[in-house]
Amino acid sequence: MDRSTLTRNILIGMALGIALGSILHAIGLADDNPIMVYLVDGLFDIGGKVFVISLKLLVVPLVFVSLACGAANLGDGASMGRIGGKTVLLYLATTAIAITLALTAARIVDPGTGINMAMASDFTAPPTPSLKQVIIDIFPSNPIDAMAKGNMLQVIVFALLVGIAMAKCGEPGARIKSTLDDWNEVIMRMVMMLMAVAPIGVFCLLISLFSRMGFATIQELLAYFFTVAGVLVLHFVLTYGALIRFLARLSPVTFIRNMWPVMAYAFSTSSSNATLPVTLETVEHKLGVKNEVASFVVPLGATINMDGTAIMQGVATVFIAQAYNVDIGLVGYLTVILTATLASIGTAGVPGVGLIMLAMVLQQVDLPVEGIGLIIGVDRLLDMMRTAVNVTGDATVATIVARSEGKFDEDTFNRRDLPGTYNI
Ligand code: ASP
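Residues numbered from 1 in each chain as written. Predicted model: local features only at pLDDT ≥ 70, side-chain atom pairs only at ≥ 80, totals over all residues. Heavy atoms only, no water.

(A) Summary view of the overall build of the protein chain. Each helix and strand counted, the protein chain has 19 helices and zero strands in total. Here the C-alpha atoms of the protein chain give a radius of gyration of 21 Å, agreeing with the 22 Å that 2.2 N^0.38 yields for 424 residues. By the burial criterion, 55% of the 424 residues in the protein chain qualify as buried. Residue pairs in contact within the protein chain that sit at least 24 positions apart in sequence constitute 86% of those at least 6 positions apart. Total accessible area on the protein chain is roughly 17500 Å²; 66% of this is exposed by carbon and sulfur atoms. Side chains of the protein chain give 25 positive and 30 negative charges; the mean places of these two sets differ by 8 Å. (Helix = DSSP H or I, 4+ residues; strand = E, 2+ residues; numbered from the N terminus. Rg over C-alpha atoms; globule rule 2.2 N^0.38 Å. Buried < 20%, exposed > 50% of the residue type's maximum accessible area, 1.4 Å probe, protein only. Contact = heavy atoms within 4.5 Å. Areas by Shrake-Rupley, 256 points an atom, 1.4 Å probe, with all protein chains shown as cover. Lys, Arg positive; Asp, Glu negative; His and termini not counted. Charge placed at Lys NZ, Arg CZ, Asp CG, Glu CD.)

This is the structure in C-alpha cells:
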C-alpha cells in the first residue's frame, strides 16, 4: 500500500469508528447485549489495545537508536548546542503563546459563570514534584531502568551521550554506529509495518471509545468545551500556520496535508508518546527533516512540549476561578502562564496527564483542585483533540529548526507521490 492510500484508509477508519461508535451509544445497548460483550468490549477493545501497545513497543528502541545515530552524525558539540537551544526556546515560546491565547479567549467568553458547583466532586490532587526534583530526574542513574520505565527524558540523555561518545572514539565508535544505523532501518521498517494496520487499529480504538463516551456533560459545559476546542483550532491554524509560513518559509497547507495521519493517530490514542514512532517517521520521510534534527527535536517535544494541553489548562483555570468566584488577578494569570509552561516538562505524553498537571497549576494560584471535577466529564474528547495539537507543535518546531540548520529536504516536503510502502 502506498502512503496516500494509507492516509485515505486511516481517515476512513477514523470516520467509521466515530460514526458507528456514536450510533451504538445513541441506541444505548445494555452492557450484556452480545454486540457489546463480543464486539465492542471484545474484538474491538482487544484490537485497539493491541494496536496502542504495539506503538508503545517501538518508542524506546526507536528513540534510543535514532537519537544516538543522529547525535553521532552531528558530531560536533557546537551544532548540537545550537539545535538544542533553538528547540527549547521554540518549545517554550509556542507553549507560552498557546496559553496566552487560551487565557485571553477564556476571559472573553467567560465559560465559568453560572456553573453548577455540585459537579465538583471527588477529584483529589496528586502530590506535586518540586522543580528541583524534576531537574534531577532528567538524568538517568541506570539506562536499563530508564528504558524499562519508558522515562523519555532519561532515555534521551543517555542516547545523546552514547551518540556523542560514538562520534569521538574513531574506529570502535564507527563500528557501533554502523550497527545502530542498521537497527534504525529495521525499527523504522517495523513502524511502517505497524502503520499498515493503522486503519483497523484506529477504527477499533474509536468505535469502543465513542460507544462508551457520554455526551450528557458536554451540554452543561458547552462554553468551556467550545472555548478549548476553538483555541486549539486557532493555535493550530494561526500560530503553526504563521510559523511554518514565515519562519520555515513553507506552505502551511502542504504541511498539514503531510501531517494528517499523525494527527489521526494522536486523536485516536490520546498519547503523544504512543504516537511518537509515527511522528518521527512522518517528520523524517514526509516533511523532509533530516534524522539528526528529527531524532532529537521530536522525542523531546513528545515529552516537554504540549501546547494543546497548555490551552486546556489556561481555559480550565479561568473556568474554575469563575465557577468559584475567585479573581486571581494579573499576577495570577502570569503565574498560570509560567507554571503551565514549566509543568509540561518532565510529564510524559500519555492520556489524561494534562489534568494532573492542571492540579499543579491550580495549586500555584490557590484555586481549589477539586474544581477539576467540574471539567473531567468532557476531558476525554478534549484530550484527543489537544494531543493532535501537541504532536503538530512538535513537528512544526522540528521543521523550523531543520530549515534553519540546512538539515531539510524541500523536495520530500513537496512531493505528492508519497514515498514509502506500508505493508506487513
Ligand atoms: N494526552 C496528552 C498527550 O499525550 C497529554 C494531556 O494533555 O493529557 O500529549
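(B) Local environment of the site of the ligand. Around the ligand lies a shell of 14 residues, among which Ser272, Thr309, Gly354, Asp383 and Arg386 are the nearest. Thr387 places a polar side-chain atom, nitrogen or oxygen, 3.1 Å from a nitrogen atom of the ligand. Coverage of the ligand by the protein chains reaches 100% of its 270 Å² of free accessible surface. Among the cavities detected, the one that contains the ligand is the largest cavity. (Near = heavy atom within 4 Å. Polar contact = N/O pair within 3.5 Å; in protein donor to acceptor, adjacent residues only side chain to side chain. 1 Å grid on protein atoms, 1.4 Å probe; cavity = no way out; pocket = protein on both sides within 12 Å on 5 of 7 lines; lining within 4 Å. Sits in = over half its atoms within 2 Å of the grid points.)

(C) Representation of the nonpolar core in the model. Grouped together as the largest cluster of nonpolar side chains are 131 residues, with contacts concentrated most on Tyr224 and Leu358. Formed by seven residues, the second largest nonpolar core is a distinct cluster that contains Met36, Phe44, Phe203 and Cys204. (Core = buried A, V, L, I, M, F, W, Y, C linked by side-chain atoms within 4.5 Å.)

(D) Summary view of the environment of Ile372. Its location among the elements puts Ile372 in helix H17 (residues 372-375). Relative accessible area serves as the criterion here: at 0%, Ile372 is assigned to the buried category. C-alpha of Ile372 to C-alpha of Thr317: the two residues are 55 residues apart in sequence and 9.2 Å apart in space.

(E) Broad picture of the pattern of salt bridges. Throughout the structure, instances matching the rule amount to 12 salt bridges. Salt-bridge contacts for Asp31 lead to Arg212; the nearest nitrogen and oxygen are separated by 3.1 Å. Here the residue Asp31 occupies a position in the loop between helix H1 (3-27) and helix H2 (34-74), and Arg212 occupies one in helix H8 (residues 198-212), the gap between them amounting to 181 residues. A residue is classified by how much of its surface remains accessible, and Asp31, at 53% relative accessible area, is exposed. We classify Arg212 as partly exposed; its relative accessible area is 39%. As a salt-bridge pair, Lys86 and Glu405 come within 2.7 Å of each other at their nearest N and O atoms. Pair noted here: Lys86 is in helix H3 (residues 77-109) and Glu405 is in the loop between helix H18 (379-404) and helix H19 (410-414), with a separation of 319 residues, a long-range link. Assessed through its relative accessible area of 27%, Lys86 is described here as partly exposed. Under the relative-accessibility criterion, Glu405 is labelled buried at 15%. (Salt bridge = Lys/Arg side-chain N within 4 Å of Asp/Glu carboxyl O.)

(F) Just the environment of Glu185, in detail. Mapping Glu185 onto the fold places it in helix H7 (residues 170-196). The exposure class assigned to Glu185 is exposed, which follows from its relative accessible area of 60%. When the C-alpha atoms of Glu185 and Val65 are compared, they prove to be 9.7 Å apart, with 120 residues separating the residues in sequence.

(G) A look at empty space enclosed by the protein. Applying the stated criterion to the full structure yields two cavities of 30 Å³ or more. Volume-wise, the largest cavity comes out at about 70 Å³. Lining the largest cavity are 14 residues, with Thr309, Val350, Asp383, Thr387 and Asn390 sitting closest to its centre. Residue assignment for the lining of the largest cavity shows that the elements contributing at least two residues are helix H16 (353-364) and H18. (Points joined across faces, edges and corners; volume = space filled by probe spheres on them.)

(H) Structural context of the environment of Arg257. Structurally, Arg257 can be placed in helix H11 (residues 252-269). Given a relative accessible area of 28%, Arg257 falls into the partly exposed group. Residues within four places of Arg257 in sequence aside, it is in contact with Asn414, Arg415 and Arg416.

(I) Region of interest: the packing of aromatic side chains. One pass over the full model with this rule turns up seven aromatic pairs. Look at Phe225 and Phe226: their rings are 5.3 Å apart centre to centre, the planes differ by 85°, and that puts the pair in the edge-to-face class. Relative to Phe413, the ring of Phe408 lies with its centre 5.9 Å away and its plane at 50°, an arrangement referred to as tilted. The buried category is assigned to Phe408, whose relative accessible area is 12%. (Phe/Tyr/Trp six-rings, centres within 6.5 Å; stacked < 30°, edge-to-face > 60°.)

(J) Summary view of H7. Counted at 1.5 Å a residue, the expected span for H7 with its 27 residues is 39 Å, and the 39 Å between its end C-alpha atoms agrees. Gly173, Lys177, Leu180, Asn184, Ile187, Met188, Val191, Met192, Leu194, Met195 and Ala196 are the residues of H7 that are buried. (Expected span 1.5 Å × (residues − 1).)

(K) Focus on the packing of helix H13 (residues 291-304) against H18. Contact geometry of H13 with H18 gives a least axis separation of 9 Å together with a crossing angle of 150°. As far as their axial angle goes, H18 and H13 are roughly antiparallel. In this structure, the crossing between H13 and H18 has a hand that is right-handed. In contact with Val293, Val297, Val298, Gly301 and Ala302 of H13, H18 contributes Asp394, Val397, Ala398, Val401 and Ala402. (Axes fitted to C-alpha atoms, helices over the stretch in contact; angles between N-to-C directions. Parallel < 35°, antiparallel > 145°, perpendicular 65-115°, else oblique. Left-handed = near helix turned anticlockwise from the far one by under 90°.)

(L) Region of the structure containing the side chain of Thr341. By secondary structure assignment, the location of Thr341 is in helix H15 (residues 329-343). If we skip the residues at most four places from it in the chain, Thr341 touches Leu92, Thr95, Ala96, Ile99 and Val336.

(M) Structural view of a nonpolar patch on the surface. A cluster of nonpolar side chains, namely Leu57, Trp183, Val186, Met190, Met193 and Ile424, defines an oily patch on the protein surface of about 620 Å² accessible area. Ranked by the residues each element gives to the nonpolar patch, the list is headed by H7, at four residues. By the secondary structure assignment, Ile424 is in the segment after H19. (Patch = residues over 30% accessible without salt bridge, like charges linked within 9 Å, V, L, I, M, F, W, Y side chains within 5 Å.)

Coordinates in, geometry out; function isn't part of it.
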